[in-house]
Amino acid sequence: MSNAIEFPKNFLWGASTSAYQIEGSPLADGAGPSIWQRFAHSPGNIRDGDTGDVACDHYRRSAQDVALMREIGLQAYRFSISWSRVMPSGRGAVNPVGIGFYDELVDRLLAQGIKPMVTLFHWDLPETLDNQGGWLNRDIADWFADYARVMFERLDDRVTSWATLNEPWVVSDGGYLNGTLAPGHHNRFEAPIAAHNLLRAHGAAVKVYREVGKHEIGLVVNLEPKYPASESAADQQAAARGHAYMNGQFLDPVFFGRYPEKMKDVYGDAWPEWPAEDFELIRQRLDFIGVNYYTRSVTRDEPSALPVRAVAVRQPLATYTETGWEVYARGLSDTLEWVAARYGNPPLYITENGAAFFDPPVAEGGRVHDPLRIDYYQKHLRAIHEVIQKGVDVRGYCAWSLLDNLEWAHGFSKRFGIVHVNFATQERTLKDSAYFYREVIATNGAVL
Ligand code: LGS
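Note that the coordinates shown come from a computational prediction; the quantities given were computed from them, not determined experimentally.

A. Focus on the overall build of the protein. When its secondary structure is counted, the protein shows 15 helices and 13 strands. Its C-alpha radius of gyration of 21 Å places the protein within 12% of the 22 Å reference for a compact globule of 448 residues. The dimensions of the protein, computed from C-alpha atoms along their principal axes, are 60 × 55 × 45 Å. The proportion of buried residues among the 448 residues of the protein is 62%. Relative to all contacts within the protein whose residues are 6 or more apart in sequence, the contacts with residues 24 or more apart total 76%. Counting only carbon and sulfur atoms, one obtains 49% of the accessible surface of the protein, whose full area is about 16,900 Å². Between the mean site of the 44 positive side-chain charges and the mean site of the 56 negative ones, the protein shows a separation of 3 Å.

B. Quick peek at the site of the ligand. Around the ligand there are 15 residues in total, and Gln21, His122, Glu167, Glu407 and Trp408 lie nearest to it. Glu352 places a polar side-chain atom, nitrogen or oxygen, 2.9 Å from an oxygen atom of the ligand. Relative to its unbound accessible area of 530 Å², the ligand is 76% covered by the protein chains. Grouping the constituent residues of the shell around the ligand by class yields six nonpolar, five polar and four charged.

C. Geometry of the sheet that holds strand β11 (residues 394-400). The eight strands lie next to each other as β1-β2-β3-β4-β5-β7-β10-β11, forming a closed barrel whose pairing is parallel. Put simply, the sheet's adjacent strands are angled 25° from each other on average, direction ignored. As judged from the four bridges shared by strand β7 (residues 288-292) and strand β10 (residues 348-352), these two strands associate in the parallel manner. By the bridge assignment, Asn292 is partnered in β10 with Glu352. Against the sheet, helix α5 (residues 96-111) engages β2 (76-80) and β3 (115-121), with an angle of about 170° to β2. This element, helix α15 (residues 432-442), spans β1 (12-16) and β11 of the sheet and lies at about 155° to β1.

D. Molecular detail of the pairing of strand β5 (residues 216-222). β5 sits mainly inside the fold: seven of its seven residues count as buried. Burial along β5 is two-sided: Glu216, Gly218, Val220 and Asn222 and Ile217, Leu219 and Val221, pointing in opposite directions, are all buried. The pairing of strand β4 (residues 161-166) with β5 spans four bridges and is parallel. Looking at the pairing, Ser161 lines up with Glu216 of β5.

E. The sheet that holds strand β6 (residues 226-228), seen in detail. On the basis of which strands lie adjacent, the open sheet formed by three strands has the order β6-β8-β9 and mixed pairing. In this open sheet, the two edge strands, each paired with only one partner strand, are β6 and β9 (310-312). Recorded for the sheet is a direction-independent mean angle of 45° between the axes of neighbouring strands. On top of the sheet, helix α10 (residues 233-256) reaches β6, β8 (297-301) and β9; it is set at about 125° to β8, its chief contact.

F. Highlighting the side chain of Thr295. Here Thr295 is to be found in the loop between β7 and β8. Side-chain polar atoms of Thr295 contact the backbone oxygen of Glu326, separated by 2.7 Å. Excluding anything up to four places from it in sequence, Thr295 contacts Leu223, Glu224, Pro225, Trp325 and Glu326.

G. Up close: the packing of helix α14 (residues 371-389) against α15. The interhelical angle for the contact between α14 and α15, taken along N-to-C directions, is 30°, at an axis separation of 9 Å. As judged from the angle between their axes, α14 and α15 are roughly parallel. Facing α14, whose interface residues are Arg373, Ile374, Tyr377, Gln378 and Leu381, α15 presents Asp432, Ser433, Phe436 and Val440. Considered class by class, the residues forming the contact of α14 with α15 number five nonpolar, two polar and two charged.

H. Geometry of unusual backbone geometry. Across the junction of Ala182 and Pro183, the peptide omega takes the value 5°, indicating a cis bond. Following Leu306, the chain continues to Pro307 via a peptide bond in cis, the omega torsion being 0°. Here Pro307 shows up in the loop between β8 and β9. A positive phi angle, close to 60°, is found at Arg309, a residue other than glycine. Note on placement: Arg309 falls in the loop between β8 and β9. In this structure, Asn345 takes a positive phi of about 50° despite not being glycine. With respect to the element layout, Asn345 can be found in the loop between α13 (330-343) and β10. Residue Asn345 is classed as partly exposed on the basis of its relative accessible area of 32%.

Criteria and thresholds
- Residues numbered from 1 in each chain as written.
- Predicted model: local features only at pLDDT ≥ 70, side-chain atom pairs only at ≥ 80, totals over all residues.
- Heavy atoms only, no water.
- Helix = DSSP H or I, 4+ residues; strand = E, 2+ residues; numbered from the N terminus.
- Rg over C-alpha atoms; globule rule 2.2 N^0.38 Å.
- Buried < 20%, exposed > 50% of the residue type's maximum accessible area, 1.4 Å probe, protein only.
- Contact = heavy atoms within 4.5 Å.
- Areas by Shrake-Rupley, 256 points an atom, 1.4 Å probe, with all protein chains shown as cover.
- Lys, Arg positive; Asp, Glu negative; His and termini not counted.
- Charge placed at Lys NZ, Arg CZ, Asp CG, Glu CD.
- Near = heavy atom within 4 Å.
- Polar contact = N/O pair within 3.5 Å; in protein donor to acceptor, adjacent residues only side chain to side chain.
- Nonpolar A, V, L, I, M, F, W, Y, C, P; charged D, E, K, R; others polar.
- Pairing = 2+ DSSP bridges.
- Axes fitted to C-alpha atoms, helices over the stretch in contact; angles between N-to-C directions.
- Parallel < 35°, antiparallel > 145°, perpendicular 65-115°, else oblique.

This is a description of form; function is not addressed.
So this is what it looks like as structure tokens:
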């Protein structure tokens, strides 16, 4: 077949999870509480009162989960480390059992030939640090760098791919501006400060890595292209503001040492003057960028929607996922081409991509039919292949997610897994999408 799809020879096929979403046992064996522990236990924050107390019980079932990964044929597994499991108060003493859990997980993965891709921070900040201001305290750059150093020193002999932060935009927007995520603040003045300190912490950790690490380190960002809803200047400006806010706010400082001009326009009087030397710290050489992609937004000017003054317009003919996000694979290729053109074609990994759809109950014989999820993966993988053909340097792909898990404020109501989890029995069942993905991996994409 002359037009069979073939990915580059060393293309890495993986799946992703994060600590609070799957581990459970958040306070076990001397771990300290995180802000997600507190947030989840404050009524009204998570749908149906769900918490991460048990989640997928991965903390106690990691051996079984690694066996599942092996069954699917994963070549890489992206997971995050719970900072407060390792350092119960966020600083100082290291909890040997907590760090030992990750040490053992890494060994288990390597024993199955699966490459560990470690994210140091996927939103579960130690509560003690939040009590000292969390991301609003400039000292957090040092706190994070100290924690990062502990992890590098312990695992860099075996972990060859590191990411500092997962989606700093979401932390700043959901955690400090809209309050839908921990720590649940609603404050237009805090959001840019949190974002800036996230960037400083990222830079400080990368600096430490250059001292003690031998492999690769990068930053994971969520990108979502913004298309104007009409030709009007107002809508085009709205899309441009949304684009700067979501896509440029973190990558421009990391690559260029400055924020997009439009950030001032977005935040108005809430946009501070930043010390020039901060950008030296923020702009560290990176080995890759991790891109999380789910959807696009078609954007219309809306002066009352602060701070961006834009809202998304629903597309009547499109397919939407269970979380209400439009399925739009072209947005992924557009985004990857944009990153390559703007930032000098850096090495990229797609660190998350996937969808929540309604899944039927596990059928007789243990199958879960999820054709919409398969269709989603197929479209997005084809879009990635297309841009690789054009020279965009995409080196790997991780499906979000390996397991159905705690989808933050949605609780367990939204299932993103390629593996179904019965949360009453903890039984795992491969969905059809997992079998499909296994074929994709086995054929290096030819089955697409
Ligand atoms: O589970 C999270 C996934 C699911 O969807 C994961 O922990 C995060 O890293 C990541 O944010 N995830 C995710 N993001 C999709 C964001 C789409 C926002 C669209 C909003 C339109 C109204």
